[in-house]
Amino acid sequence: MSQGGTIMSRVALGLAVLGVLMMAIAPPSVRAAGKYDGSTSMVCAVSSVNECIATGRCELRTVRNVNFPGLVRVDVKGMKMSDLASEKPRESAIRNVDHANGKVILSGAEGDRGWILLINETSGTMSATAAGDGEGFVLFGQCALP
Amino acid sequence: MIGGRRCAAFVGLVSLAVWSSPVDAQPYYYPMRGQSPQQEESDKGQCYGWAVQQTGFDPANPRVAMPAPPPSSYGQPQAPQGGMVRGAAGGAALGAAGGAIGGNAGEGAAIGAGVGVLFGGLRRMRFEEQEQQEQQMQMRQQQAYASQQQNALAQGRTNYERAFGACMSGRGYSVH
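It should be emphasised that the depicted structure is a prediction, and the values quoted were computed from it without experimental measurement.

Scanning chain A from terminus to terminus reveals three helices and ten strands. Going from the N terminus to the C terminus, chain A shows its helices and strands as α-α-β-β-α-β-β-β-β-β-β-β-β. Taking all 146 residues of chain A together, the buried fraction comes to 38%. The contacts in chain A between residues at least 6 apart in sequence include a share of 40% that link residues at least 24 apart. Carbon and sulfur atoms provide 61% of the accessible area of chain A, an area that totals close to 7700 Å².

Here's what the structure looks like:
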């Protein structure tokens, strides 16, 4: 019995070591999987903005043009997004949080606009849209963990 | 500069409409009671004053009461759409990820005065085609205004001539 128990212990230890080794040698993307899932707050930078109108035409803008902050803190647990670039706080309440296919999807509404922000839980890439009456904004960016 | 030129063009258009308004053939007045030419001139002067008083239209100074002309504001800066928006947003770098971001974080402090939301504060820009549409609409409005003014002037002149003719007829002239 004791010999069998020893064998079992050795097998368990071997499996544990193998697991740690696998984690250690795994590519960073695998190791980082899910770190942008909203479990901690993120800082997201907007790198491009497109404005579209109902005729189908879209034009590239800058955050400065469209009065959107370049840096946004996304606090999924706190259900809010906030402007990091302004002393006067600008916030958006997150009304819904979904997780689908490795993406965290946030949505909300402000005034006469609705918005959706999607973050790749693995890479942190961000895409967002804000839609109004006959208008739409599409934003792209990158999130990081501060 | 452009607005001034367009405004001048609009004034010219209106002036053209005013002065090119159709002036019907002048009526003739025959003194049926043998009035002298001096008497005829006197009667015409009095009928002129009476007709102007009655119709509010003075052929020597043709004007009609019209609302203010439509503004020719294109070519000038427009207020941003969406009343919530004030200034411009700034950005900053977020390591390598945010390298492409323009602006700076300090300027962000100036924006958002009174603006408490992110997406609701997005400001719409003007598309070229929207500007063209607005210019065309303003041109149409100005043309419609000029046309209305021309019609009003023609109507005023017609009314004046009717009143003048009635006056002259009453003073013993046949009007043709």
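The next subject is the overall build of chain B. If you tally the helices and strands in chain B, you get four helices and two strands. Secondary structure elements of chain B, listed N to C terminal, follow the sequence α-β-α-α-α-β. Out of the 176 residues in chain B, the part that is buried amounts to 34%. Considering only intrachain contacts with a sequence separation of at least 6, the fraction spanning at least 24 residues in chain B is 78%. Counting every atom, chain B has about 10400 Å² of accessible surface; 55% of that belongs to carbon and sulfur.

For any two helices packed against each other, the geometry comes down to the angle between their axes and how far apart the axes lie. Residues and elements named next belong to chain B. Packing of helix H2 (residues 37-55) against helix H4 (residues 128-170) leaves a shortest axis separation of 8 Å and a crossing angle of 135 degrees. As far as their axial angle goes, H4 and H2 are oblique. Classified by chirality, the crossing of H4 by H2 is right-handed. Contacts from Asp 43, Lys 44, Cys 47, Tyr 48, Trp 50, Ala 51, Val 52 and Thr 55 in H2 reach Asn 159, Tyr 160, Ala 163, Phe 164, Cys 167 and Met 168 in H4. Its residues placed into classes, the contact of H2 with H4 shows ten nonpolar, two polar and two charged.

All told, the structure shown has three disulfides over all chains when counted by the stated rule. Covalently, Cys 44 of chain A is tied to Cys 143 of chain A through a disulfide, its sulfur atoms 2.0 Å apart. Taking the sign of the torsion about the S-S bond as the criterion, the disulfide between Cys 44 of chain A and Cys 143 of chain A, at about 100 degrees, is right-handed. Linking Cys 44 of chain A in strand S1 (residues 42-53) with Cys 143 of chain A in strand S10 (residues 135-144), this pair joins segments that are 99 residues apart in sequence. For the residue pair Cys 44 of chain A and Cys 143 of chain A, the accessibility class agrees, reading buried in each case. Paired through a disulfide, Cys 47 of chain B and Cys 167 of chain B show a sulfur-sulfur distance of 1.9 Å. Across the disulfide from Cys 47 of chain B to Cys 167 of chain B, rotation about the S-S bond amounts to roughly -80 degrees, and the bridge is consequently left-handed. Of the two residues, Cys 47 of chain B is situated in helix H2 and Cys 167 of chain B in helix H4; the sequence distance between them amounts to 120 residues.

It is worth spelling out the environment of Ala 152 of chain B at this point. Residues and elements named next belong to chain B. As for its position among the elements, Ala 152 is in helix H4. Take Ala 152: its relative accessible area is 22%, and that puts it in the partly exposed class. In this structure Ala 152 touches Val 64 and Met 66, once residues within four positions along its chain are discounted.

Inspection of the secondary structure puts Glu 110 of chain A in strand S7 (residues 103-110). At 7.0 Å, Arg 113 of chain A is the nearest oppositely charged side chain to Glu 110 of chain A, a buried residue that forms no salt bridge. Among the polar contacts listed, one links the side chain of Glu 110 of chain A to the backbone nitrogen of Gly 120 of chain B, at a separation of 2.6 Å.

A few words now on the confidence of the model for chain B. All names here are of chain B. On average, chain B scores 70 in pLDDT, and the residues at 70 or more come to 61%. Looking over chain B, one finds the lowest element-wise mean pLDDT in helix H3 (residues 105-108), namely 34, and the highest in H2, namely 94. Under a pLDDT of 50 for its full length, residues 1-5 has, in the predicted model, one contact with residues more than four places off or in other chains. Confidence drops under a pLDDT of 50 for residues 7-22, and excluding neighbours within four residues, the segment shows 16 contacts in the predicted structure. Two numbers describe this predicted complex: its pTM, 0.47, and its ipTM, 0.71.

What counts, and where the lines are drawn
- Residues numbered from 1 in each chain as written.
- Chains lettered and ligands numbered in written order.
- Predicted model: local features only at pLDDT ≥ 70, side-chain atom pairs only at ≥ 80, totals over all residues.
- Heavy atoms only, no water.
- Helix = DSSP H or I, 4+ residues; strand = E, 2+ residues; numbered from the N terminus.
- Buried < 20%, exposed > 50% of the residue type's maximum accessible area, 1.4 Å probe, protein only.
- Contact = heavy atoms within 4.5 Å.
- Areas by Shrake-Rupley, 256 points an atom, 1.4 Å probe, with all protein chains shown as cover.
- Axes fitted to C-alpha atoms, helices over the stretch in contact; angles between N-to-C directions.
- Parallel < 35°, antiparallel > 145°, perpendicular 65-115°, else oblique.
- Left-handed = near helix turned anticlockwise from the far one by under 90°.
- Nonpolar A, V, L, I, M, F, W, Y, C, P; charged D, E, K, R; others polar.
- Disulfide = S-S within 2.5 Å.
- Lys, Arg positive; Asp, Glu negative; His and termini not counted.
- Salt bridge = Lys/Arg side-chain N within 4 Å of Asp/Glu carboxyl O.
- Polar contact = N/O pair within 3.5 Å; in protein donor to acceptor, adjacent residues only side chain to side chain.
- pLDDT = per-residue confidence, 0-100.

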